[in-house]
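Given next are the chains, with one letter for each unit.
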Amino acid sequence: MELNADGQSVRLRPHHLLCTQGYSGTGYDDKFKAHMDEIVRRLRTEKRTPVALVFSTDELCGACPNRLGEDHCRTNEKVKAFDRKTAECFHLKEKTYIYQDVIRKIRQAATPEIMDYICGDCSWYPVSACKERVLGLSSSE
Ligand code: SF4
């Protein structure tokens, strides 16, 4: 697992604060899914997980077949836009947050329009439960 310099924080890019809420077991390949399962399990069961927000490739990118290098995703333009819009809509900075606290704030501020604005171009969006979960319309378990 890729940890931050303090040895504890999980590095996450802004839009992955949304993906980790919507994830329901589908992903790019088996390696990616196994890694995602582990990280999401931690984030959903621990009470206080420090996450270092990074505007770059992160912990989840580490096991992804689309990661071409540091800060380089196969769909870089698209994922950078997801990050930019997520940070803009929820006033996020490149610093350490407590995952469960920042998720609570995101859920309070999220609207259907904001979700469509951020995630509308994502191929997973129409087939996953991101919108329902972030808007609190269904459980994350
Ligand atoms: S598709 Fe790109 S942004 Fe998403 S996990 Fe893979 S490398 Fe990271």
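For the structure, see preceding data.
Here the structure is a predicted model, which means the values were calculated and not measured.

Draft legend 1. Representation of the overall build of the protein chain. For the protein chain, the count of helices and strands is 6 helices and 5 strands. Taking 14 Å as the expected radius of gyration for a compact globule of 141 residues, we find that the protein chain reaches 14 Å, a close match to that expectation. Overall size of the protein chain, expressed as C-alpha extent along the three principal axes, is 35 × 30 × 25 Å. Across the 141 residues in the protein chain, those meeting the buried criterion constitute 48%. For the protein chain, the accessible surface area stands at approximately 7,500 Å², while carbon and sulfur atoms represent 52% of it. Between the mean site of the 22 positive side-chain charges and the mean site of the 21 negative ones, the protein chain shows a separation of 3 Å.

Draft legend 2. View of helix H5 (residues 112-119). By the burial criterion, the buried members of H5 are Ile114, Met115, Ile118 and Cys119. Seen end-on, H5 carries its buried residues on one side only, within an arc spanning 100 degrees. On its buried face, H5 is in contact with helix H1 (16-22), helix H3 (76-90), helix H4 (99-109) and helix H6 (130-134).

Draft legend 3. The arrangement of the packing of aromatic side chains in detail. Taken as a whole, this structure holds 2 aromatic pairs when the rule is applied. Here Tyr28 and Phe32 contribute two aromatic rings whose centre-to-centre distance is 5.0 Å and whose plane-to-plane angle is 65 degrees, an arrangement assigned as edge-to-face. Relative accessible area serves as the criterion here: at 42%, Tyr28 is assigned to the partly exposed category. The class for Phe32 is buried, based on a relative accessible area of 10%. Seen in terms of ring centroids, Tyr28 and Trp124 are 5.5 Å apart; in terms of plane orientation they differ by 75 degrees. Their pairing is edge-to-face. You can see Tyr28 sitting in the loop between H1 and helix H2 (30-45) and its partner Trp124 sitting in the loop between H5 and H6, a full 96 residues away along the chain. Members of the aromatic cluster, connected to one another through ring pairs, are Tyr28, Phe32 and Trp124.

Parameters and conventions
- Residues numbered from 1 in each chain as written.
- Predicted model: local features only at pLDDT ≥ 70, side-chain atom pairs only at ≥ 80, totals over all residues.
- Heavy atoms only, no water.
- Helix = DSSP H or I, 4+ residues; strand = E, 2+ residues; numbered from the N terminus.
- Rg over C-alpha atoms; globule rule 2.2 N^0.38 Å.
- Buried < 20%, exposed > 50% of the residue type's maximum accessible area, 1.4 Å probe, protein only.
- Areas by Shrake-Rupley, 256 points an atom, 1.4 Å probe, with all protein chains shown as cover.
- Lys, Arg positive; Asp, Glu negative; His and termini not counted.
- Charge placed at Lys NZ, Arg CZ, Asp CG, Glu CD.
- Arc of directions from axis to C-beta.
- Contact = heavy atoms within 4.5 Å.
- Phe/Tyr/Trp six-rings, centres within 6.5 Å; stacked < 30°, edge-to-face > 60°.

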